[in-house]
Amino acid sequence: MGSLVFLLRGINVGGSGRLPMATLRSVAEGLGMTDVRTYIQSGNLVAGWDLAPDDAGPALQAAIAAEADFAPAVLVRTAEELRATVDASPYDTDRIDPKALHVTFLDTDAAAALDGVDVDGFAPEQVVAAGRDLHLHLPGGIGRSPLATALTRRGPAADATTRSWRTVTTLAEMAAEIA
């Protein structure tokens, strides 16, 4: 059994997709997950599970839909994949304010999400594709970021979900504890 990290899109954001974390934990346990843990209220779940990562997301999505009458997108990473995401950061994470760093997780190749985007036109904001992740440096934060908005409203990134650097590193630590 390994640990998996589940990243739910659009949970408890702006009054839509209401899903208490206690309900999410209960649904996960009902599927047979062990060591189930959530982090903050925005749909982050870490658990031990025998199911393959490719099957885990759809299984959790269907179980949530049965419980909560909506089916959020669920992206899944293994503990090792999330550690690789942290290690692959192109930014100096010791020197840059962590509030300026984010990772957008996709189920497809992240480079495709940048096709046709004039990345340089968003300076000083930056984005680097690595595998299925987009590493974002947003000095002004994500709230009004033109780059983040452009990326999440088009193509493959439309089904993505973004987490702050602090959340990514915390989830990686939690997953390592379970693994």
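This text follows the structure it describes.
Residues numbered from 1 in each chain as written. Predicted model: local features only at pLDDT ≥ 70, side-chain atom pairs only at ≥ 80, totals over all residues. Heavy atoms only, no water.

### So, the sheet that holds strand 4 (residues 74-78)
The sheet built from four strands is open, its strands ordered 2-3-1-4 with antiparallel pairing. The sheet is open, and its two edges are formed by strand 2 (34-38) and strand 4, each paired on a single side. Across the sheet, the mean angle separating the axes of adjacent strands is 20° when strand polarity is ignored. Across three bridges, strand 2 lies against strand 3 (residues 44-49) in antiparallel orientation. The residue of strand 3 that forms the bridge with Thr 34 is Gly 48. Running at roughly 160° to strand 2, helix 1 (residues 21-30) makes contact with strand 1 (2-8), strand 2 and strand 3 of the sheet. (Pairing = 2+ DSSP bridges. Helix = DSSP H or I, 4+ residues; strand = E, 2+ residues; numbered from the N terminus. Axes fitted to C-alpha atoms, helices over the stretch in contact; angles between N-to-C directions. Contact = heavy atoms within 4.5 Å.)

### Describing the packing of aromatic side chains
One pass over the structure, following the stated rule, counts one aromatic pair. Taken together, a centroid distance of 6.1 Å and an interplanar angle of 50° make the contact between Phe 6 and Trp 49 tilted. Placement of Phe 6 in strand 1 and of Trp 49 in strand 3 is noted, with a sequence separation of 43 residues between them. Taken individually, Phe 6 and Trp 49 each receive the classification buried, so the pair is uniform in this respect. (Phe/Tyr/Trp six-rings, centres within 6.5 Å; stacked < 30°, edge-to-face > 60°. Buried < 20%, exposed > 50% of the residue type's maximum accessible area, 1.4 Å probe, protein only.)

### A word on helix 3 (residues 79-87)
Looking only at helix 3, the buried set comprises Ala 79, Leu 82, Thr 85 and Val 86. For helix 3, the arc enclosing every buried residue in end-on projection is 120°, short of the 170-degree limit, so these residues lie on one face. What points out from helix 3, more than 90 degrees from its buried face, is the exposed set Glu 80 and Asp 87. Packing partners of the buried residues in helix 3 comprise strand 1, strand 4, strand 5 (101-105), strand 7 (133-137) and helix 6 (165-178). (Arc of directions from axis to C-beta.)

### With respect to the sheet that holds strand 6 (residues 126-130)
Read across the sheet, four strands follow the order 6-7-5-8 without closing on themselves; strand pairing throughout is antiparallel. A single partner strand is all that each edge strand has here, and the edge strands are strand 6 and strand 8 (161-164). Averaged over all neighbouring strand pairs, the angle between strand axes comes to 25°, with direction disregarded. Looking at chain direction, strand 5 and strand 8 are connected through four bridges and run antiparallel. Paired with His 102 across the bridge in strand 8 is Ser 164. Strands in contact with helix 6 are strand 5, strand 7 and strand 8; relative to strand 8, the strand with the most contacts, it is inclined by about 90°.

### Here's the deal with the side chain of Asn 44
With respect to the secondary-structure elements, Asn 44 resides in strand 3. Classification of Asn 44 by relative accessible area gives buried; the value is 0%. Of note is the side chain of Asn 44, whose polar atom sits 3.3 Å from the side chain of Ser 42. Polar contacts involving the side chain of Asn 44 include one to the side chain of Arg 163, which spans 2.5 Å. (Polar contact = N/O pair within 3.5 Å; in protein donor to acceptor, adjacent residues only side chain to side chain.)

Just distances and angles here, no functional claims.
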